[in-house]
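# Understanding the architecture of this molecule
This is what each chain is made of:
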Amino acid sequence: MADKLKIAEIKHPEYALKADEWRKWMLAYESGSEFVSAYLERFSKRETKPDFETRKKLTYNPPHAMAVVNSIRDAMAVKMSEVSRTGDPVYLKLISEDVDLYRQTMATFLAVEVLPLLLSQAKCYVVVDAPPMSAGMTRADENGRPYVYAVGRERVRSWSYDGRGAFSSILFT
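For every chain, the first residue of the written sequence is number 1, and numbering continues from 1 onward in sequence order. In keeping with the predicted nature of the model, local features appear solely for residues at pLDDT of at least 70, side-chain atom pairs appear and are counted solely at 80 or more, and the whole-chain, interface and lining totals rest on all residues. Each side-chain value is derived from all of the structure's non-hydrogen atoms; neither hydrogens nor water enter the calculation.

## Points about the overall build of the protein chain
Inclusion rule: Helix numbers and strand numbers start at the N terminus; a helix is a DSSP run of H or I with at least 4 residues, a strand a run of E with at least 2. Here the globule rule is a power law, 2.2 Å times the number of residues to the power 0.38, and the radius of gyration is based on C-alpha atoms. Classification of residues uses two cut-offs on accessible area relative to the type maximum, computed with a 1.4 Å probe and protein chains only: under 20% is buried, over 50% is exposed, and between them is partly exposed. Residues are treated as being in contact if the distance between any of their heavy atoms lies within 4.5 Å. The method behind every accessible area is Shrake-Rupley, applied with a 1.4 Å probe, and residues are considered shielded solely by the protein chains displayed. Only four residue types enter the tally: Lys and Arg on the positive side, Asp and Glu on the negative side; His and the chain ends are excluded. Throughout, a charge is located at the NZ atom of Lys, the CZ atom of Arg, the CG atom of Asp or the CD atom of Glu.
Along the backbone of the protein chain there are seven helices and four strands. Overall, the protein chain shows an N-to-C arrangement of helices and strands of α-α-α-α-α-α-β-α-β-β-β. Relative to the globule expectation of 16 Å for 173 residues, the C-alpha radius of gyration of the protein chain, 21 Å, shows a markedly less compact shape. Oriented by its inertia axes, the alpha-carbon framework of the protein chain measures out at about 70 × 60 × 35 Å. Split into buried and exposed, the 173 residues of the protein chain put 26% on the buried side. Of all intrachain contacts in the protein chain linking residues separated by at least 6 positions in sequence, the fraction that spans at least 24 positions is 47%. For the protein chain, the computed accessible surface area is about 12200 Å², with 58% contributed by carbon and sulfur atoms. Looking at the protein chain, you have 25 positive and 23 negative side-chain charges, and the mean spots of the two groups are 6 Å apart.

Here is the structure:
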């Protein structure tokens with residue numbers, strides 16, 4: 001019997017090539033012990049394992065990358081209040097009050113969720129989703145509404161495009 005491919009094992013070739021680099025960018029941005037655990041190496045073969053473990057425990061990884069990225073993000077966020085949007089009044093009300101079910105405006109969502117991912121990874125996916133409907137109900141009956149959330153580049157494991165160059169499928173964790 002042929003081995004079955006598990007969906008969690010599917011990886012786009014670009015993901016397989018660059019996933020470690022994207023993870024490193026995010027760990028550098030977030031700083032902390034996870035970055036130290038993943039990337040701190042022994043000085044030489046003469047450094048004993050106990051000495052290395054002691055040095056690892058004492059190593060501090062300050063958030064320099066986060067400070068730089070956030071200063072750029074803050075400078076960009078200040079200008080977001082100057083963006084004007086037009087369209088349906090219901091749409092305008094929604095993006096000015098709550099786009100992500102956490103009461104963030106579109107400008108705040110972009111500044112807090114999207115810009116740090118763009119600045120640290122050069123790409124970010126914004127997903128539009130909606131809550132599931134109860135059986136037999138319509139969106140009008142349930143009063144559900146769409147919401148958005150950001151997905152970092154390192155979480156998107158595979159993707160494909162249709163004939164027009166738009167995403168036809170995306171697999172993320």
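## Comments concerning unusual backbone geometry
For Leu-101, which is not glycine, the phi dihedral falls at a positive 65°. Counting through the fold element by element, Leu-101 comes out in the loop between helix 5 (89-97) and helix 6 (106-121). Judged by its relative accessible area of 44%, Leu-101 is partly exposed. With a phi angle near 70°, Ala-122 is a residue other than glycine that sits in the positive phi range. Position of Ala-122 among the secondary structure elements: in the loop between helix 6 and strand 1 (124-129).

## Let's talk about the packing of helix 1 (residues 13-30) against helix 4 (residues 64-79)
Short version of the rule: All axes are obtained by fitting lines to C-alpha atoms, using only the stretch in contact for helices, and the reported angles, taken between N-to-C directions, cover 0 to 180 degrees. Note on terminology: angles under 35 degrees are roughly parallel, angles over 145 are roughly antiparallel, angles of 65 to 115 are roughly perpendicular, and the others are oblique. Under this grouping Gly is polar, as are all residues other than the nonpolar Ala, Val, Leu, Ile, Met, Phe, Trp, Tyr, Cys and Pro and the charged Asp, Glu, Lys and Arg.
Contact geometry for helix 1 and helix 4: axes closest at 5 Å, N-to-C directions at 90°. Relative to helix 4, the element helix 1 lies roughly perpendicular. Residues Ala-28, Tyr-29 and Glu-30 of helix 1 form the contact with helix 4, whose own contacting residues are Ala-65, Met-66, Val-69 and Asn-70. A class-by-class count of the residues in the contact of helix 1 with helix 4 yields five nonpolar, one polar and one charged.

## A few points about the nonpolar core
Keep this limit in mind: Only buried Ala, Val, Leu, Ile, Met, Phe, Trp, Tyr and Cys residues count toward a nonpolar core, and they belong to the same one when joined by side-chain atoms within 4.5 Å.
The biggest cluster of nonpolar side chains holds twelve residues, and these are Met-26, Tyr-29, Val-69, Ile-95, Val-99, Met-106, Phe-109, Val-114, Leu-117, Cys-124, Val-148 and Ala-150. Here the element with the most residues in this core is helix 6; it accounts for four residues. Beyond its immediate chain neighbours, meaning those up to four positions away, Val-114 contacts Phe-109, Cys-124, Val-126 and Ala-150. The next biggest cluster of nonpolar side chains, apart from the first, holds eight residues, and it includes Tyr-15, Trp-22, Tyr-125 and Val-156.

## As for helix 6
Let me state the cut-off plainly: A helix's residues, less one, multiplied by 1.5 Å, set its expected span. A residue's bend is given by the angle between axes fitted to the 7 residues ending at it and the 7 residues starting at it.
Taking 1.5 Å per residue, 16 residues should reach 22 Å; helix 6 reaches 21 Å between its end C-alpha atoms and fits that length. Along helix 6, the helix axis deviates most sharply at Val-114, where the bend reaches about 45°; the proline Pro-116 sits within four residues downstream. Along helix 6, the residues classified as buried are Met-106, Phe-109, Ala-111, Val-114, Leu-115, Pro-116, Leu-117, Ser-120 and Gln-121. Where helix 6 terminates, the next one or two residues include Ala-122, which has phi positive at roughly 70°.

## So, the environment of Pro-63
Tracing the backbone through its elements, the reader meets Pro-63 in the loop between helix 3 (49-58) and helix 4. The class for Pro-63 is partly exposed, based on a relative accessible area of 32%. Placed 32 residues apart in sequence, Pro-63 and Ser-31 show a C-alpha to C-alpha distance of 5.1 Å.

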